Amino acid sequence: MLITITSLKGGVGKSTVALNLAYELSKKGKTLLIDTDPQNSIASFLCVDFRKGFSEVLFDRIDIGDVIIQPFKGNENFYIIPNGLKGLKYVEEYEEFFLHDIFFPVMKQIKSLPFDFILFDTPPRISKQNKELITYSDYFMVVVNPDPASYASFYIFLDFLNKNNLENFFVIINKVEPNEISEEFSLAIQYKIRQKIIGIIPLDNSVVRAEGECQPATKLYTDSPFSLTIKDIVMRFLDLIKR
Ligand SMILES: Nc1ncnc2c1ncn2[C@@H]1O[C@H](COP(=O)(O)OP(=O)(O)O)[C@@H](O)[C@H]1O
Ligand SMILES: [Mg+2]
């Protein structure tokens, strides 16, 4: 199953959510998290080498199997692919690899990998790349924060989803402080996509502390409010897709 994690705005916690969802899903099946964002957040969060990764697969046609990393020794269920260096060095060329005909064989390779769940972390924008990844994905998740800027960009995203008749998505509201979701925000958002909200994740410094330890919060602080919410999202997700 392919799952893409997206947002229109940066800094909403997309990579954090992707990492922790992937880690939690890895308890249910063999999971691979592919970082398609040249910012390399996933490898940075885990403090692993990101000099070779997905962008090298695209540019240099190296085998995708050669860039898969097992970050936690002994854990046979959790793997990542960093973005590498070429994506950052040649940003425009990088985008071109996601043109449908060029990307198709890469996607074929990805789909043939022996994983139960493959997640994509993405750059924060509507782009050829993200459209392509969304098109191939069985499901995608849109991460949004309860603030006006995020709210505005979220509506642009919803518009894009509507225009493209995309229904196979869920919404995650992240970095929510107690009582912070304004009535206006929650009414507006619920009016449009009530049934699409799969989780409301609290602002929780266990996330930042875990980053300092090069681990996902869901691994290190299993009972933090953040981790419990991620667990809940995974349970709900698996339940919803079963139906
Ligand atoms: N629920 C949360 N509580 C506290 N900090 C968070 C939370 N989610 C994300 N963060 C922090 O926000 C920052 C940006 O997150 P990141 O995942 O890199 O965002 P994006 O991928 O959307 O750009 C990171 O430093 C991360 O630790
Ligand atoms: Mg990111």
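Engineer: How should I be thinking about the site of ligand 1 in this particular structure?
Structural biologist: Close to ligand 1 lie 18 residues; G11, K14, S15, T16 and E211 are nearest. Within the contact set of ligand 1, an oxygen atom lies 2.6 Å away from a side-chain nitrogen or oxygen of T16. In the model, a nitrogen atom of ligand 1 is placed 2.9 Å from a nitrogen or oxygen of the N174 side chain. Out of a free accessible area of 560 Å², ligand 1 has 83% covered by protein chains. When residues of the shell around ligand 1 are traced back to their parent elements, those giving at least two are helix 1 (14-25), strand 6 (169-176), strand 7 (197-202) and helix 10 (206-212). Residue composition of the shell around ligand 1, grouped by class: eight nonpolar, six polar and four charged.

Engineer: Could you clarify how one ought to interpret the pattern of salt bridges in this entry?
Structural biologist: When their charged atoms lie close together, side chains carrying opposite charge are able to pair. A complete count under the given rule lists six salt bridges for this structure. Taking the shortest distance from any N to any O, the salt bridge between R236 and D232 comes out at 3.5 Å. Of the two residues, R236 and D232 both sit in helix 12 (residues 225-242), four residues apart, roughly one turn of that helix.

Engineer: How do you make sense of the packing of aromatic side chains when you look at a structure like this?
Structural biologist: According to the stated counting rule, one finds 17 aromatic pairs in the structure shown. Ring geometry for Y79 against F115: centres 5.6 Å apart, planes inclined by 70°, an arrangement best described as edge-to-face. A residue pair is termed long-range when its members are at least 10 positions apart, and Y79 in strand 3 (residues 78-81) and F115 in the loop between helix 6 (100-111) and strand 4 (117-121) qualify at 36 residues. You can call Y79 buried: its relative accessible area is 11%. A residue is classified by how much of its surface remains accessible, and F115, at 13% relative accessible area, is buried. Aromatic side chains Y139 and F170 sit 6.0 Å apart centroid to centroid with 25° between the ring planes, which places their arrangement in the stacked category. Remark: F170 occurs in strand 6 and Y139 occurs in strand 5 (residues 139-144); sequence separation between them is 31 residues. Residue class for F170 comes out buried when judged on its relative accessible area of 10%. Through a chain of ring-to-ring contacts, the aromatic side chains of F54, Y94, F98, F103 and Y136 assemble into a single cluster. A cation over an aromatic ring shows up here: R209 above the ring of Y221, its NZ or CZ 4.6 Å from the ring centre.

Engineer: What exactly am I supposed to notice about the state of the cysteines here?
Structural biologist: One covalent bond between the sulfur atoms of two cysteine residues makes up a disulfide. Inspection of every chain in the model, using the stated rule, returns one disulfide. Disulfide pairing places C47 opposite C214 at an S-S distance of 1.9 Å. Classification of the bridge connecting C47 and C214 rests on its S-S torsion, roughly -75°, and on that basis the disulfide is left-handed. Here C47, found in the loop between helix 2 (41-46) and helix 3 (54-60), pairs with C214, found in the loop between helix 10 and helix 11 (217-220); they are 167 residues apart in sequence, far enough to count as distant. Overall, C47 belongs to the partly exposed group, its relative accessible area being 48%.

Engineer: In this structure, what is going on with the packing of helix 6 against helix 7 (residues 128-136)? I would like to understand it.
Structural biologist: Helix packing for two helices is described by the angle between their axes and how far apart those axes are. At a minimum axis separation of 11 Å, helix 6 and helix 7 run at an interaxial angle of 45°. As far as their axial angle goes, helix 7 and helix 6 are oblique. With respect to the hand of their crossing, helix 6 and helix 7 are arranged in right-handed fashion. Facing helix 6, whose interface residues are H100, F103, F104, M107 and K111, helix 7 presents E132, L133 and Y136.

Engineer: Before we go on, may I ask you to explain the side chain of S55 in this structure?
Structural biologist: With respect to the helices and strands, the residue S55 is situated in helix 3. Contacts of S55, omitting those with residues within four sequence positions, involve N83, G84, L85, K86, G87 and Y94.

Engineer: What is the right way to read the pairing of strand 6 from this model?
Structural biologist: Each regular strand carries side chains that alternate between the two faces of the sheet. Strand 6 sits mainly inside the fold: seven of its eight residues count as buried. Strand direction decides the pairing type here: strand 5 and strand 6, joined by five bridges, are parallel. The residue of strand 6 that forms the bridge with V143 is I172. For strand 6 and strand 7, the ladder comprises four bridges, and the chain directions are parallel.

Engineer: How do you make sense of unusual backbone geometry when you look at a structure like this?
Structural biologist: In most cases, non-glycine residues show a negative phi, while peptide bonds are predominantly trans. The phi angle at N165 is positive, at roughly 55°, despite the residue not being glycine. Checked against the element boundaries, N165 lands in the loop between helix 8 (148-163) and strand 6. The exposure class assigned to N165 is exposed, which follows from its relative accessible area of 64%. Not every positive phi belongs to a glycine, and C214 is a case in point at roughly 60°. C214 gets classed as partly exposed once you look at its relative accessible area, which sits at 24%.

Definitions and limits used
- Per chain, residue numbering runs from 1 following the sequence as it is written.
- Written order decides the labels, with chains lettered from A and ligands numbered from 1.
- The predicted origin of the model limits local features to residues at a pLDDT of at least 70 and limits the giving and counting of side-chain atom pairs to 80 or more, whereas totals for whole chains, interfaces and linings rest on all residues.
- By convention in this description, side-chain values take in all heavy atoms of the structure and omit both hydrogens and water.
- In these notes, residues near a molecule or strand are those with any non-hydrogen atom within 4 Å of it.
- By the criterion applied in these results, polar contacts are pairs of N or O atoms within 3.5 Å in which, for protein atoms, one can donate a hydrogen and the other can accept it, and in which residues neighboring in sequence qualify only through two side-chain atoms.
- Residue-level accessible areas treat just the shown protein chains as cover; the underlying method is Shrake-Rupley with a 1.4 Å probe.
- Each helix is a run of H or I in the DSSP string that is no shorter than four residues. Each strand is a run of E no shorter than two, and both are numbered from the N terminus.
- All residues other than Ala, Val, Leu, Ile, Met, Phe, Trp, Tyr, Cys, Pro, Asp, Glu, Lys and Arg, Gly among them, are scored as polar; the first ten of these are nonpolar and the last four charged.
- Basic side-chain nitrogens of Lys or Arg form a salt bridge, by our definition, when they fall within 4 Å of a carboxyl oxygen of Asp or Glu.
- Between the rings of Phe, Tyr and Trp (Trp by its six-membered ring), a pair exists once the centres lie within 6.5 Å; its type follows the angle of the planes, with under 30 degrees stacked, over 60 edge-to-face, and the other angles tilted.
- Accessible area is worked out with a 1.4 Å probe on protein chains only. A residue is then buried under 20% of its type maximum, exposed over 50%, and partly exposed in between.
- By definition, being over a ring means that NZ of Lys or CZ of Arg is both within 6 Å of the ring centre and within 35 degrees of the ring normal.
- The term disulfide is used for any two cysteine sulfur atoms that are within 2.5 Å.
- To define axes, lines are fitted to C-alpha atoms, for helices over the stretch in contact only, and angles between the resulting N-to-C directions are given on a 0 to 180 degree scale.
- Orientation labels follow simple angle bins: below 35 degrees gives roughly parallel, above 145 gives roughly antiparallel, 65 to 115 gives roughly perpendicular, and whatever is left gives oblique.
- Less than a right angle of anticlockwise turn of the near helix away from the far helix marks a crossing as left-handed, whereas a clockwise turn marks it as right-handed.
- The contact criterion used throughout is that any non-hydrogen atoms of two residues lie within 4.5 Å.
- In this scheme, strands are said to pair when DSSP sees at least two bridges between them.

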